[in-house]
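# A look at the structure
Spelled out, the chains give:
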Amino acid sequence: MSLLTTALVGLSGYVLGSLAWGYWLARIVTGTDIRRVGSANTGAANVWRVAGFKTAFAVALLDIGKGSLAAAVGLVVGGGTGAVVAGIGALIGHWRPLFLRFRRGGKIVATTVGVALVMAPLASLAVAVLWWLVLLSTRYTSVASITGAIALPPLVYVFGGSWAEVLFTVGAAVAILALHQANIRRLMHGTENRFTIRRPGAPRRAPTPARDSGRP
């Protein structure tokens, strides 16, 4: 790809990654600014706490979808390299969305899965299954996300991914671990919140104020 094409592919990935579905859907469903409650990020896990499973599931699918769309556009324009460039752009966009004025977004987990779904679909599906298994066994979304992030690079390699794709997932895993630092500290101190599945009709607890510091 030419330098101009590379820049345009990266920019398109960034714009797609900036689609702040967690913020928008939580705002529509509950009227709440998702960045001011719970873990203060726009990812599906925090939406689950505030707006319930159905809204969170929709957010997760949309975040996966925007990662896949970005990677697919990059793949069509520039092959495997284009998919990696667009994928990087999508992750940056999800983390610091254009549509939220570059303020804090999400922790890039679902968007990473979406990008990997185009690069290495079997690896991505395996990580999605692993994520749910870890969540159901531990009830910690942070543990599920960290486990999935660590497992993704070797799975991409095992399923025949290129070195560029493996390196992309290594970088994504490092970023996910960095973005979960507060969660890791809480896990170490035994203060991380576990998820509970609400019975139909059971009252939802009021969302707690944001705890993760580190906003710019």
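Structural data are supplied above this passage.
Before going into details, it helps to say that this report is about the structure given with it. Just so it is clear, the model here is predicted, and its values are computed rather than measured.

### So, the pattern of salt bridges
Under the defined criterion, the tally for this structure stands at 4 salt bridges. Residue E192 pairs with R186 through a salt bridge whose shortest N-O separation is 2.8 Å. This pair shows no difference in class: E192 is buried, exactly as R186 is.

### Points about the side chain of K107
Residue position: K107 is located in the loop between helix 4 (53–95) and helix 5 (109–119). Only 2.6 Å separates the side chain of K107 from the side chain of N183, close enough to count as a polar contact.

### Points about the packing of helix 4 against helix 5
The geometry of a pair of packed helices is captured by two quantities: the angle between their axes and the separation between those axes. Look at helix 4 against helix 5: their axes get within 6 Å of each other, and the N-to-C directions meet at 35°. Crossing hand, helix 4 versus helix 5: right-handed. Each residue belonging to the contact of helix 4 with helix 5 can be placed in one class, and the counts come to 14 nonpolar, 7 polar and 2 charged.

### What to know about helix 8 (residues 163–179)
For helix 8, which comprises 17 residues, the first-to-last C-alpha distance of 24 Å matches the rise-based estimate of 24 Å (1.5 Å per residue) to within 8%. Buried-residue contacts for helix 8 involve helix 4, helix 5 and helix 7 (141–158).

### Considerations on unusual backbone geometry
Of note in the backbone geometry, F102 takes a positive phi value of approximately 65° without being a glycine. Position of F102 among the secondary structure elements: in the loop between helix 4 and helix 5.

### Let's talk about the nonpolar core
By size, the foremost hydrophobic cluster in this structure holds 19 residues, and its most contacted members are Y23, I34, V47, W48, L135 and A144. Among the elements of the structure, helix 2 (21–30), helix 3 (44–51), helix 4 and helix 6 (121–138) are those that each provide at least two residues to this core. Ranked by the residues each element gives to this core, the list is headed by helix 3, at 5 residues. Judged by nonpolar contacts, the second largest core, of 12 residues, contains V84, M119, A149 and F168.

### Comments concerning the side chain of D33
Position of D33 among the secondary structure elements: in the loop between helix 2 and helix 3. Its relative accessible area of 11% is what places D33 among the buried residues. Residues within four places of D33 in sequence aside, it is in contact with Y23 and R27.

Reading the values: the criteria
Residues numbered from 1 in each chain as written. Predicted model: local features only at pLDDT ≥ 70, side-chain atom pairs only at ≥ 80, totals over all residues. Heavy atoms only, no water. Salt bridge = Lys/Arg side-chain N within 4 Å of Asp/Glu carboxyl O. Buried < 20%, exposed > 50% of the residue type's maximum accessible area, 1.4 Å probe, protein only. Helix = DSSP H or I, 4+ residues; strand = E, 2+ residues; numbered from the N terminus. Polar contact = N/O pair within 3.5 Å; in protein donor to acceptor, adjacent residues only side chain to side chain. Axes fitted to C-alpha atoms, helices over the stretch in contact; angles between N-to-C directions. Left-handed = near helix turned anticlockwise from the far one by under 90°. Nonpolar A, V, L, I, M, F, W, Y, C, P; charged D, E, K, R; others polar. Expected span 1.5 Å × (residues − 1). Contact = heavy atoms within 4.5 Å. Core = buried A, V, L, I, M, F, W, Y, C linked by side-chain atoms within 4.5 Å.

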